[in-house]
Amino acid sequence: MPLVPFFVINLALGLTTMRAATFYWVSQLGMLAGTVVYVNAGTQLARIESLQGILSPALIGSFVLLGVFPLIARRIVDAVNRRKVYARWKAARPRRFDRNLIVIGAGAAGLVTSYIAAAVKARVTLVEAHRMGGDCLNFGCVPSKALIRSARLAHQMRHAGEYGLAPHDAPVDFGAVMARIERVIAAIEPHDSVARYTALGVDVVAGHARLVSPWAVEVTRSDGTLQTLSARSIVLATGARPVMPPLPGLADVGALTSDTLWGLRTLPRRLVVLGGGPIGCELAQAFARLGSQVTQVEMLPRLLSREDAEVSDFARRALERDGVEVLAGHQALRCGRDEGEGTKFIVVEAAGGERRIEFDALICAVGRVARLEGYGLEELGIPTGRTIATNEYLETIYPNIYAAGDAAGPYQFTHVAAHQAWYAAVNALFGNLRRFKADYAVIPQATFIAPEVARVGLNEREAADKGIAVEVTRYGIDDLDRAIADGAAQGFVKVLTVPGKDRILGATIVGEHAADLIAEFVLAMKQGIGLNRILGTIHIYPTLAEANKYAAGEWKRNHAPAKLLEWVARYHAWRRG
Ligand SMILES: Cc1cc2nc3c(=O)[nH]c(=O)nc-3n(C[C@H](O)[C@H](O)[C@H](O)COP(=O)(O)OP(=O)(O)OC[C@H]3O[C@@H](n4cnc5c(N)ncnc54)[C@H](O)[C@@H]3O)c2cc1C
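Residues numbered from 1 in each chain as written. Predicted model: local features only at pLDDT ≥ 70, side-chain atom pairs only at ≥ 80, totals over all residues. Heavy atoms only, no water.

(A) The packing of aromatic side chains, seen in detail. A complete count under the given rule lists 11 aromatic pairs for this structure. Ring geometry for Y86 versus Y398: centroids 5.6 Å apart, planes at 50°, classification tilted. One end of the pair, Y86, is in helix 3 (residues 57-86); the other, Y398, is in the loop between helix 11 (377-380) and strand 16 (401-403), and 312 residues separate them in sequence. The same class applies to Y86 and to Y398, which are both buried. Aromatic pair W422 and Y423: ring centres 5.1 Å apart, planes at 85°, arrangement edge-to-face. Among the residues examined, Y423 registers a relative accessible area of 10% and is labelled buried. The cationic tip of R435 hangs over the ring face of Y393; the distance from NZ or CZ to the ring centre is 3.8 Å. (Phe/Tyr/Trp six-rings, centres within 6.5 Å; stacked < 30°, edge-to-face > 60°. Helix = DSSP H or I, 4+ residues; strand = E, 2+ residues; numbered from the N terminus. Buried < 20%, exposed > 50% of the residue type's maximum accessible area, 1.4 Å probe, protein only. Lys NZ or Arg CZ within 6 Å of the ring centre and 35° of its normal.)

(B) Structural view of the site of the ligand. Surveying the vicinity of the ligand reveals 39 residues, the closest of which are E128, D135, K145, D406 and T414. At 3.0 Å from a nitrogen atom of the ligand is found a main-chain nitrogen or oxygen belonging to A129. Within the side chain of K145, one N or O atom sits 2.7 Å away from an oxygen atom of the ligand. Taken together, the elements giving at least two residues each to the shell around the ligand come down to helix 4 (108-119), strand 2 (124-128), helix 5 (134-138), helix 6 (141-158), strand 4 (208-213) and helix 12 (414-430). Across the shell around the ligand, the residue classes break down as 17 nonpolar, 15 polar and 7 charged. (Near = heavy atom within 4 Å. Polar contact = N/O pair within 3.5 Å; in protein donor to acceptor, adjacent residues only side chain to side chain. Nonpolar A, V, L, I, M, F, W, Y, C, P; charged D, E, K, R; others polar.)

(C) Summary view of the sheet that holds strand 13 (residues 353-359). An order of 11-12-13 is seen for the 3 strands of this open sheet, with the pairing classed as antiparallel. In the strand order of this sheet, the two ends are held by strand 11 (331-337) and strand 13, each with one partner. On average, each strand axis in the sheet is tilted by 25° relative to the strand beside it, whichever way the strands run. Of the strand pairs in this sheet, strand 12 (residues 344-350) and strand 13 are connected by 7 bridges, and their pairing is antiparallel. Within strand 13, the position partnered with F345 by the bridge is E358. (Pairing = 2+ DSSP bridges. Axes fitted to C-alpha atoms, helices over the stretch in contact; angles between N-to-C directions.)

(D) The arrangement of the side chain of N138 in detail. Among the secondary structure elements, N138 is positioned in helix 5. Polar side-chain contacts of N138 include one of 2.8 Å to the backbone oxygen of G134. Among all residues touching N138, those that are not within four sequence positions of it are R131, M132, G133, P143, I185, E189 and W262. (Contact = heavy atoms within 4.5 Å.)

(E) Inspection of the pattern of salt bridges at higher detail. The full count for this structure, using the stated rule, is 32 salt bridges. We note a salt bridge from E354 to R334, for which the minimum N-O separation is 3.2 Å. Linking E354 in strand 13 with R334 in strand 11, this pair joins segments that are 20 residues apart in sequence. Here E566 and K563 are joined by a salt bridge, their closest N and O atoms 3.7 Å apart. A residue pair is termed a helical-turn pair when its members lie 3 or 4 positions apart in one helix, as E566 and K563 do in helix 19 (residues 562-576) at 3 residues. By relative accessible area, K563 is classed as exposed at 58%. Bridged by salt links that share partners, the residues R270, D338, R356, E358 and D360 form one connected network. (Salt bridge = Lys/Arg side-chain N within 4 Å of Asp/Glu carboxyl O.)

(F) A look at a nonpolar patch on the surface. Taken together, the side chains of L51, I54, L55, I60, V64, L65, V68, L71, I72, I76 and V80 define a hydrophobic patch exposed on the protein surface, amounting to about 1,000 Å² of accessible area. You can see L55 is positioned in the loop between helix 2 (20-46) and helix 3. (Patch = residues over 30% accessible without salt bridge, like charges linked within 9 Å, V, L, I, M, F, W, Y side chains within 5 Å. Areas by Shrake-Rupley, 256 points an atom, 1.4 Å probe, with all protein chains shown as cover.)

(G) Up close: the packing of helix 6 against helix 9 (residues 278-290). Packing of helix 6 against helix 9 leaves a shortest axis separation of 8 Å and a crossing angle of 40°. On the basis of their axis angle, the class for helix 6 and helix 9 is oblique. Between helix 6 and helix 9 lies a crossing of left-handed hand. Seen from helix 6, the contacting residues are S144, K145, L147, I148, S150, A151, R152, A154, H155 and R158; seen from helix 9, they are E282, L283, A286, F287, R289 and L290. Classifying every residue of the contact of helix 6 with helix 9 gives 8 nonpolar, 3 polar and 5 charged. (Parallel < 35°, antiparallel > 145°, perpendicular 65-115°, else oblique. Left-handed = near helix turned anticlockwise from the far one by under 90°.)

(H) Representation of the sheet that holds strand 21 (residues 504-511). Taken in spatial order, the 5 strands line up as 17-18-21-20-19 in an open sheet, and their pairing is antiparallel. Strand pairing shows two members of the sheet lacking a second neighbour, strand 17 (444-447) and strand 19 (471-476), which therefore form its edges. Put simply, the sheet's adjacent strands are angled 10° from each other on average, direction ignored. Note: strand 17 against strand 18 (residues 452-457), 4 bridges, orientation antiparallel. Across the sheet, residue T447 finds its bridge partner in strand 18, namely V453.

Following this line, the structure appears as structure tokens:
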């Protein structure tokens, strides 16, 4: 109200189709409660006759009422909205609930939600249609990082000469690489297993869940049997799936995605990777290092387009050094197979010219969209866009149904899914007492190419887009002792601060183990630690982590008190006699 005067609202409503009579009684009724509270406070004020009167219970009570009135009004509006949204489900509301919480999906978001619920002694059921651990364990973070590890070793063996050892250039046993990935998944699987969660107190059900009312979920088990579960609250942690672009012929060439590529057992000789985002870059480089001839196609002019241009350039040069042909600014037009030999090809276009690229396998990594179909969102009328629509409490239009992880967005990271899970679990179980807004203030992220790219908070591109003034401090990792000793002297630490202050607004690190090194800036931002205090912290010599301290040192040098130092120099001169 301080921003928008009442008369503007009244005039604006005159432009709507609301009838004048309706507008009149609605506004009179709407203002009535506020008017009573204000007039009451004013009346009490007018009655003050002495200083003691200020402390009279009536006056204090009136002002407390004035303070809490907006909260009460909001509660009333919430209650009215709730009644509206639940109106058509009145008959379906159970008298009592079998459990406190049902969680749909056992990926990072669902596992952490049910873990927290069980830890606070709620009765919770976790339903998973496919594999415990979701995308991260089975098709995402874990297999991709295991693949990258093998690729890195193959690369190091090929370049062993740089370290004084005999180089090894034998072809990679790709089947063995994929077998190792399976072993890695198997080793991590117990962390997310039915046995572990059951022991934690979670009731785990295998089957496909579908919302049938705001409090009931129907589970179809693999043998076809149906079971209906009820709960006071539900958390949707149904994740995301790879996007298949509407490219003519794509289905015919059997395009792979992150869901299916882990079934490969022979290394594709010629590989096309569609997409220049983090997943596309990680896979393109890994396959190139393992020996595939990789062509990466990206429609936008640069790879990792959310990062600063210099980071994209760094990534491109790194991938090209490993043999990836990067076709940024190229649009994929169509795929097909030659008649006869059946050679698969893709046609891409740039600057008006078309180019045909033949391949043995194509990985489609152009993005991932939230899973939104087939589990009752439509029937319940839960609005969706790219993700399930939620408010800042991760609540859908039904105050007892929440969403977390890739299904809720806007980020698609395992650690963010786990972070949101806390809010979803706590708000779902205790929201009637207190609700918490999901906090996205300090979100770190990394792309695990070599050298790694990691970021927390703002980069220069985002700061410019948002019109936020920043001061940029840079330290080149090519100068770092440990990086030189390790043969990893490339990359930089870039810190964005409030101009003239050491408060960190964001940090980007490009370099070996950047995803680990960024943790210091994540902690600093979260806990309000500035560059001065990072500089004042002992870092072990020689480590890569020293790069963070040296970046802080650069900032300090740029803010050296020149005038004071002139006087100090004079003092020393005087002391010398
Ligand atoms: C190749 C690749 C690499 C990645 N690398 C990283 C990385 O390095 N770091 C990182 O942070 N993130 C990474 N990610 C992203 C990360 O995997 C996801 O952000 C994370 O898995 C999201 O977790 P989630 O719980 O929201 O969803 P998911 O892990 O997708 O879990 C959702 C689960 O819900 C189940 N489900 C869906 N509908 C139903 C239903 N109706 N009934 C029952 N069950 C249902 C699904 O079967 C699935 O198991 C990567 C992703 C990919 C594809």
